[in-house]
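Observations on chain architecture
Residue strings, one per chain:
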Amino acid sequence: MSATPIIQLSETVFVAGQIQPGHMSDLAAQGFKHVICNRPDHEVPGQATMTEMAEAAQASDLSFTPYPIDASNFPGEDLGALTALFDSGERVLAYCRTGTRCANLWVASRKDIDRSEAIEVARGIGFDLSLALVWQG
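Bear in mind the structure is a predicted one, so any value in this text is a computation, not a measurement. (Residues numbered from 1 in each chain as written. Predicted model: local features only at pLDDT ≥ 70, side-chain atom pairs only at ≥ 80, totals over all residues. Heavy atoms only, no water.)

Considerations on the packing of aromatic side chains
The tally for this structure, following the rule as stated, stands at two aromatic pairs. Between F74 and W135, the ring centres sit 6.3 Å apart and the planes meet at 80 degrees, which makes this aromatic pair edge-to-face. Of this pair, F74 sits in the loop between strand 4 (63–66) and helix 3 (79–86) while W135 sits in helix 6 (residues 130–135); the two residues are 61 residues apart in sequence, bridging distant segments of the chain. A relative accessible area of 31% places W135 in the partly exposed class. Against the face of F32 rests R91, its NZ or CZ located 4.4 Å from the ring centre. (Phe/Tyr/Trp six-rings, centres within 6.5 Å; stacked < 30°, edge-to-face > 60°. Helix = DSSP H or I, 4+ residues; strand = E, 2+ residues; numbered from the N terminus. Buried < 20%, exposed > 50% of the residue type's maximum accessible area, 1.4 Å probe, protein only. Lys NZ or Arg CZ within 6 Å of the ring centre and 35° of its normal.)

So, the side chain of H23
Relative to the helices and strands, H23 resides in the loop between strand 2 (13–16) and helix 1 (24–29). Reaching out from H23, the side chain makes a polar contact with the backbone nitrogen of Q20 at a distance of 2.8 Å. (Polar contact = N/O pair within 3.5 Å; in protein donor to acceptor, adjacent residues only side chain to side chain.)

Some remarks on the environment of A71
Inspection of the secondary structure assignment puts A71 in the loop between strand 4 and helix 3. Spatially, the C-alpha atom of A71 lies 6.8 Å from that of L131, the residues being 60 residues apart in sequence.

Looking at the nonpolar core
Grouped together as the largest cluster of nonpolar side chains are 26 residues, with contacts concentrated most on I36, L82, F86, L105 and V107. Residue assignment for this core shows that the elements contributing at least two residues are strand 2, helix 3, strand 5 (91–95), helix 4 (100–109) and helix 5 (112–125). Here this core takes six residues from helix 4, the largest share from any one element. Counting 17 residues, the second largest nonpolar core, distinct from the first, contains F32, V35, C37 and M50. (Core = buried A, V, L, I, M, F, W, Y, C linked by side-chain atoms within 4.5 Å.)

By themselves, these figures tell us nothing about what the structure is for.
The structure is reproduced here in structure tokens:
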């Protein structure tokens, strides 16, 4: 996975830019259990679809959750379910175009007491948290 860096946000939550179906076996070998796609299909030409990604994940014994969002529908329909995945204790990788939407979702999913620390972590890495900070659910 040298082309797409994996960025650690917490002990078990990681984010990345666009990954490819061929990365799934590497992710499984690294101990990931769950992959979350925060990128809508056909955002850019040639991007792997969620169906292709889900099939590759299944072939590598990874769970896969499609959770496409953009600025118009942030934080999506079921932030509670996404929070449960982030808090499952298993290694989770969320991906989008750059990892920024994923980092914003992770920050938005944190409870008030943990949100300040999450903001500090994500900002320290260099993520723009505009979506999470404007939303402030």
